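Structural overview for review
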Amino acid sequence: MANILKAESAPTQTATQRGKKAQVNILEFLAIYLENELMGIPLTKVVEITKMRDIVPVPFSKSHIRGVINIRGEIMAIVSLKETLGLNETRESQRIVILETRFGKIGIIVDEIYGVIKVREDDLEPNPMVGRYSEYVKNIAQIDNGILIIIDIDKIFEDKNGFP
């Protein structure tokens, strides 16, 4: 037998609760392509995007650290995100995304920029991935044209990965 509430016994809302809609956080991600996979980086971490440029190699550095570049007098390390994630490098990279990390500004090499994608915080799903680069995936989100893989930038730039 179904449990039916009478109208007078239903919980009531205060005027304040009725006037307010549930507030949902909207998160913004810079969507990038790496080897045809759409990945998102929290926009709060992004400082700027620049075209690919000559990278000066640094002797004896880890292989995923491609070298350094000079942007307006500031020297910063450039990292192959593909190599860090264990992806093959079949596509030519077109851009460098400068990120603010706990080690300062670091650039990551990406194939192309998709744009900024807004996602409701409650639409983020836990990481269902296993293997490959799953330890660097924070969440995923279903978007209009597929899945957006949210990268955990803080996890990528940890001491165990050769940083600082």
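Structure first, text after, so check above.
Note that the structure is predicted; figures quoted are calculated from it, not measured.

Read across the open sheet, the six strands follow the order β8-β1-β2-β11-β10-β9; overall the sheet is mixed. Two strands in the sheet have a free side with no partner beyond their single neighbour: β8 (112-120) and β9 (124-126). Across the sheet, the axes of successive neighbouring strands diverge by a mean angle of 35 degrees, strand direction being ignored. In terms of strand pairing, strand β10 (residues 137-143) meets strand β11 (residues 146-151) through six bridges, oriented antiparallel.

Met39, Leu85 and Ile108 are the most contacted members of the largest nonpolar core, which totals 25 residues. For this core, the elements supplying multiple residues, two or more each, are β1 (26-34), β2 (37-42), α2 (81-85), β6 (95-101), β7 (104-110), β10, β11 and α3 (153-156). Those residues within four positions of Met39 in sequence are excluded, and the remaining contacts are Leu30, Ala31, Ile32, Leu34, Leu85, Leu87, Tyr133, Leu148, Ile149 and Ile151. If you look at the next biggest cluster of nonpolar residues, it comprises 10 residues, including Phe29, Ala31, Val119 and Leu148.

This brings us to the pairing of strand β4 (residues 65-71). Pairing geometry for β4 and strand β5 (residues 74-80), over six bridges, is antiparallel. Residue pairing for β5: Ile71 is matched across the bridge by Glu74. The antiparallel pairing of β4 with β5 creates a hairpin that spans two residues between the two strands, and Arg72 there sits at a positive phi of about 50 degrees.

Moving on, we get to the environment of Ala141. With respect to the element layout, Ala141 can be found in strand β10. Expressed as a C-alpha distance, the spacing of Ala141 and Leu124, which sit 17 residues apart in the sequence, is 5.0 Å. Ignoring any residue separated from it by four or fewer positions in sequence, one finds Ala141 in contact with Val119, Asp123, Leu124, Gly146, Ile147 and Leu148.

Taken in spatial order, the five strands line up as β3-β6-β7-β5-β4 in an open sheet, and their pairing is mixed. Each edge of the sheet is formed by a strand with only one pairing partner; in this case those strands are β3 (46-51) and β4. Strand after strand, the sheet turns through a mean of 30 degrees between neighbouring axes, direction not considered. Pairing geometry for β6 and β7, over seven bridges, is antiparallel.

This next bit is on the packing of aromatic side chains. Summed over the entire model, instances satisfying the criterion amount to one aromatic pair. Here Tyr33 and Tyr114 contribute two aromatic rings whose centre-to-centre distance is 6.0 Å and whose plane-to-plane angle is 80 degrees, an arrangement assigned as edge-to-face. Of this pair, Tyr33 sits in strand β1 while Tyr114 sits in strand β8, and the two are 81 residues apart along the sequence. Using a relative accessible area of 40% as the deciding quantity, one classes Tyr114 as partly exposed.

Reading the values: rules and limits
Residues numbered from 1 in each chain as written. Predicted model: local features only at pLDDT ≥ 70, side-chain atom pairs only at ≥ 80, totals over all residues. Heavy atoms only, no water. Pairing = 2+ DSSP bridges. Helix = DSSP H or I, 4+ residues; strand = E, 2+ residues; numbered from the N terminus. Axes fitted to C-alpha atoms, helices over the stretch in contact; angles between N-to-C directions. Core = buried A, V, L, I, M, F, W, Y, C linked by side-chain atoms within 4.5 Å. Buried < 20%, exposed > 50% of the residue type's maximum accessible area, 1.4 Å probe, protein only. Contact = heavy atoms within 4.5 Å. Phe/Tyr/Trp six-rings, centres within 6.5 Å; stacked < 30°, edge-to-face > 60°.

All we've got here are geometric facts, nothing functional implied.
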